[in-house]
Amino acid sequence: MNAMRAVCPIRPASPLCGECHDLGWLFIDGRGVKKCACRARAILERIPPEYEGLRLEEVTPDLKRHPRQASVWETVRNNPDGCYLICGKSGVGKSAILYALYRRAVLLCRPAVAISLAKLVEDYRRAELARYENECAPALSPVTLETRSERWFVGLDDFYIRRPTRFAGEMIFWLLDTVYSYRHQLVVTSQLDKDRLEQHWAEAGEGYGRAIMRRVQEIEGAVYLAMF
Ligand SMILES: [Zn+2]
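Model, not experiment: these values are computed from the prediction.

Details of the overall build of the chain
Secondary structure assignment for the chain yields 7 helices and 7 strands. Across the chain, helices and strands are ordered from the amino to the carboxyl terminus as β-β-α-α-β-α-β-α-β-α-β-α-α-β. Here the C-alpha atoms of the chain give a radius of gyration of 19 Å, agreeing with the 17 Å that 2.2 N^0.38 yields for 228 residues. Projected onto its principal axes, the C-alpha coordinates of the chain cover approximately 50 × 45 × 30 Å. Here the chain holds 228 residues, and the buried ones make up 31% of them. Sequence-distant contacts, at least 24 apart, represent 72% of the contacts inside the chain between residues at least 6 apart.

Focus on the environment of P48
Assignment of secondary structure puts P48 in the loop between α1 (37-44) and α2 (69-78). Classification of P48 as exposed rests on a count of 11 C-beta atoms within 10 Å. When the C-alpha positions of P48 and D195 are compared, they lie 29 Å apart, and in sequence the two are 147 residues distant.

Considering the sheet that holds strand β7 (residues 223-227)
An order of β4-β5-β6-β3-β7 is seen for the 5 strands of this open sheet, with the pairing classed as parallel. Strands with a single pairing partner mark the edges of an open sheet, and in this sheet they are β4 (112-116) and β7. Sheet twist, expressed as the average angle between the axes of neighbouring strands with direction ignored, equals 10°.

Let's talk about the packing of α1 against helix α3 (residues 94-107)
Where α1 contacts α3, the two axes come as close as 9 Å, and the packing angle between them is 165°. By the criterion of interaxial angle, the relationship of α1 to α3 is roughly antiparallel. α1 and α3 meet at a crossing whose hand is right-handed. When α1 is examined against α3, the residues A40, I43 and L44 are found in contact with a partner set consisting of R103, V106 and L107.

Thoughts on the pairing of strand β1 (residues 25-28)
Of the strand pairs in this sheet, β1 and strand β2 (residues 32-35) are connected by 4 bridges, and their pairing is antiparallel. Residue pairing for β2: W25 is matched across the bridge by K35.

Notes on unusual backbone geometry
With a phi close to 55°, H21 is a non-glycine residue in the positive phi region. Relative to the elements of secondary structure, H21 occurs in the segment before β1. Classification of H21 by C-beta neighbours within 10 Å gives exposed; the count is 10.

Some words on α2
The set of residues buried in α2 consists of Q69, V72, W73 and V76. Mapping the buried residues of α2 onto a view down its axis gives an arc of 95°, with all of them on the same face. Along α2, the residues that are exposed and aim more than 90 degrees away from the buried face are S71, E74 and N78. Those residues of α2 that are buried are in contact with β3 (84-88), α3 and β7.

With respect to the confidence of the model for the chain
The share of residues in the chain with pLDDT of 70 or more is 91%, and the mean pLDDT across the chain is 88. The least confident element of the chain, judged by mean pLDDT, is α1 at 83; the most confident is strand β6 (residues 185-190) at 98. pLDDT under 50 marks residues 1-12. Its contacts with residues more than four places away, or in other chains, come to 9 contacts.

Some remarks on the packing of helix α5 (residues 166-181) against helix α7 (residues 208-218)
Interaxial distance between α5 and α7 falls to 9 Å at its minimum, and their mutual angle equals 30°. In terms of orientation, α5 lies roughly parallel with respect to α7. In the packing of α5 onto α7, the handedness of the crossing is left-handed. Note on element contacts: α7 touches α5 through Y208, A211, I212, R215 and V216, opposite G169, I172, F173, L176, D177 and Y180. Of the residues contributing to the contact of α5 with α7, the split by class is 8 nonpolar, 1 polar and 2 charged.

Rules used throughout
- Residues numbered from 1 in each chain as written.
- Predicted model: local features only at pLDDT ≥ 70, side-chain atom pairs only at ≥ 80, totals over all residues.
- Helix = DSSP H or I, 4+ residues; strand = E, 2+ residues; numbered from the N terminus.
- Rg over C-alpha atoms; globule rule 2.2 N^0.38 Å.
- Buried ≥ 20, exposed ≤ 12 C-beta atoms within 10 Å, placed from the backbone.
- Contact = placed C-beta atoms within 7 Å.
- Pairing = 2+ DSSP bridges.
- Axes fitted to C-alpha atoms, helices over the stretch in contact; angles between N-to-C directions.
- Parallel < 35°, antiparallel > 145°, perpendicular 65-115°, else oblique.
- Left-handed = near helix turned anticlockwise from the far one by under 90°.
- Arc of directions from axis to C-beta.
- pLDDT = per-residue confidence, 0-100.
- Nonpolar A, V, L, I, M, F, W, Y, C, P; charged D, E, K, R; others polar.

Next comes the structure, spelled out in structure tokens:
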């Protein structure tokens, strides 16, 4: 009887591309390779419908959601390569900003990921359990970010998990420390403000709250945008 193979829900089957036959690269006669446009298309399809098609240049601030929306969007538009910690109550438009920046990075052919923190931590937990099967790769591994050749966009939506365990604290610190050290672009959203976030991550263990929040706030001139 055949052994059951785990199907990893993280990697969806890739669409069949007539250009590159799903290699993701196009060969240019005598001049090497270039990335196929299907890569960006496939990545953009993972944007939740609520936020799809948000173009940074065209978004009209919704002042009914929050009166600071206009100035927040302006800040981000003026420096779309910047790092941001965006905090505010549910519904003020934090994720919209994150996904607009993510979309821009993808269209510039930069490596990019946008994921909710709860999902990412779940990925890490599964990868830890599946360690010997080599089947489940997390959506974003710190080792992948150890590169200076390209600047990653790392968007962490809803920077909160119900129970911050030591394992989660360790993985998130490792991830953020790598993002920080390699000067990638980090965008974090949260319903908690920066002080409450520090208290939240302190639950993972001694020193984690401060260590994690220092990485978020001290990376490459990070800007704190609060909409409460
Ligand atoms: Zn292709």
